[in-house]
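Observations on the model geometry
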Amino acid sequence: MGLEVELKAPCDGKILEMLKGVGAKFNREEIQVDRYFNHPSRDFKNTDEALRIRCVGNCFYLTYKGPKLSGKLKVREEYEMPVTKDFKMVLEKLGFSEVGKIGKTRRIYDFEGLIICIDRVDGLGLFIEIESESLEMEGKIIETLSKLGVDEKTCTTNSYLELILEKKG
């Protein structure tokens, strides 16, 4: 089982200097386009699941995320695998419908066993997302946010799709 343990918060451009100051190592920058799908016979919004196809350059990845398992941080099962760009058509033939599209530019950093992403999300702005695949890193994630000057009160466990849909009202 794959596990996603993460927390995100809105931030401003100062976060890049803070990352440099704590010694985070820049890994790469990529443009990601995520297309989210809903199941034909159960509403993923109600079951708190997610199914998406992520496009990064010419590469495509199918990701399934299970319901959130924890309160303070977003903890959920996550499975990801490469697919072809035609996989969207397979989902649609099976009755899945696209419910949202999120575009973002992501700068990825490595820091003390964590992955830190600075995301410029279309329609939302700048966010920091700190994640791990281990439950033992929950405390480290919160500690790192504090080190970077991010107020824990501004953190969210909502996905970017949920934040966009909330914003649209």
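The paragraphs below set out a description of the structure included in this document. (Residues numbered from 1 in each chain as written. Predicted model: local features only at pLDDT ≥ 70, side-chain atom pairs only at ≥ 80, totals over all residues. Heavy atoms only, no water.)

On a plain count of helices and strands, the protein chain comes out with five helices and eight strands. Put simply, the protein chain runs from its N terminus to its C terminus through helices and strands in the order β-α-β-α-β-β-β-α-β-β-β-α-α. With respect to the three principal axes, the spread of C-alpha positions in the protein chain is 50 × 35 × 35 Å. If you take every contact in the protein chain between residues at least 6 apart in sequence, the share linking residues at least 24 apart comes to 62%. About 9,100 Å² of surface is accessible on the protein chain, with carbon and sulfur atoms providing 53% of the total. Taking the 28 positively charged and 30 negatively charged side chains of the protein chain as two groups, their mean positions are separated by 4 Å. (Helix = DSSP H or I, 4+ residues; strand = E, 2+ residues; numbered from the N terminus. Contact = heavy atoms within 4.5 Å. Areas by Shrake-Rupley, 256 points an atom, 1.4 Å probe, with all protein chains shown as cover. Lys, Arg positive; Asp, Glu negative; His and termini not counted. Charge placed at Lys NZ, Arg CZ, Asp CG, Glu CD.)

Moving on: the pairing of strand 2 (residues 25-38). Bridge count between strand 2 and strand 6 (residues 97-111): 13 bridges; the pairing is antiparallel. Residue pairing in the sheet places isoleucine 31 in a bridge with threonine 105 of strand 6. (Pairing = 2+ DSSP bridges.)

Here we come to the side chain of asparagine 158. The residue asparagine 158 is located in the loop between helix 4 (138-147) and helix 5 (160-168) in this model. Here glutamate 166 takes part through its side chain, which lies 2.8 Å from a polar atom of the side chain of asparagine 158. In this view, asparagine 158 contacts Lys8, Lys74, Leu163 and Glu166; residues no more than four positions away in its chain are not counted. (Polar contact = N/O pair within 3.5 Å; in protein donor to acceptor, adjacent residues only side chain to side chain.)

Right, let's talk about the sheet that holds strand 1 (residues 3-10) for a bit. Whether parallel or antiparallel, the strands of a sheet pair through hydrogen bonds between backbone atoms. In space, the eight strands of this closed barrel follow the order 1-5-4-3-2-6-7-8, with antiparallel pairing throughout. Across the sheet, the axes of successive neighbouring strands diverge by a mean angle of 35°, strand direction being ignored. Bridge count for strand 7 (residues 114-121) against strand 8 (residues 125-132) is seven bridges, and the pairing is antiparallel. Bridge assignment links isoleucine 115 to a residue of strand 8, and that residue is glutamate 131. Lying on the sheet, helix 5 is in contact with strand 1, strand 2, strand 6, strand 7 and strand 8; it crosses strand 6 at an angle near 125°. (Axes fitted to C-alpha atoms, helices over the stretch in contact; angles between N-to-C directions.)

Moving on, we come to the packing of aromatic side chains. Going through the model one piece at a time under the given rule, you end up with two aromatic pairs. Measuring from centroid to centroid gives 5.4 Å for phenylalanine 26 and tyrosine 109, while their planes differ by 70°, and the two rings are edge-to-face. Of this pair, phenylalanine 26 sits in strand 2 while tyrosine 109 sits in strand 6; the two residues are 83 residues apart in sequence, bridging distant segments of the chain. Given the relative accessible area of 42%, phenylalanine 26 is considered partly exposed. A ring pair is formed by phenylalanine 127 and tyrosine 160, whose centres lie 5.4 Å apart and whose planes are at 75°; its orientation type is edge-to-face. One end of the pair, phenylalanine 127, is in strand 8; the other, tyrosine 160, is in helix 5, with 33 residues separating them in the sequence. (Phe/Tyr/Trp six-rings, centres within 6.5 Å; stacked < 30°, edge-to-face > 60°. Buried < 20%, exposed > 50% of the residue type's maximum accessible area, 1.4 Å probe, protein only.)

Checked against the element boundaries, threonine 47 lands in helix 2 (residues 44-47). Between the C-alpha atoms of threonine 47 and lysine 68, which are 21 residues apart in sequence, the distance is 9.6 Å. Aside from chain neighbours lying at most four places away, what touches threonine 47 is Arg42 and Pro67.

These results come straight from atomic positions and should not be treated as a statement about function.
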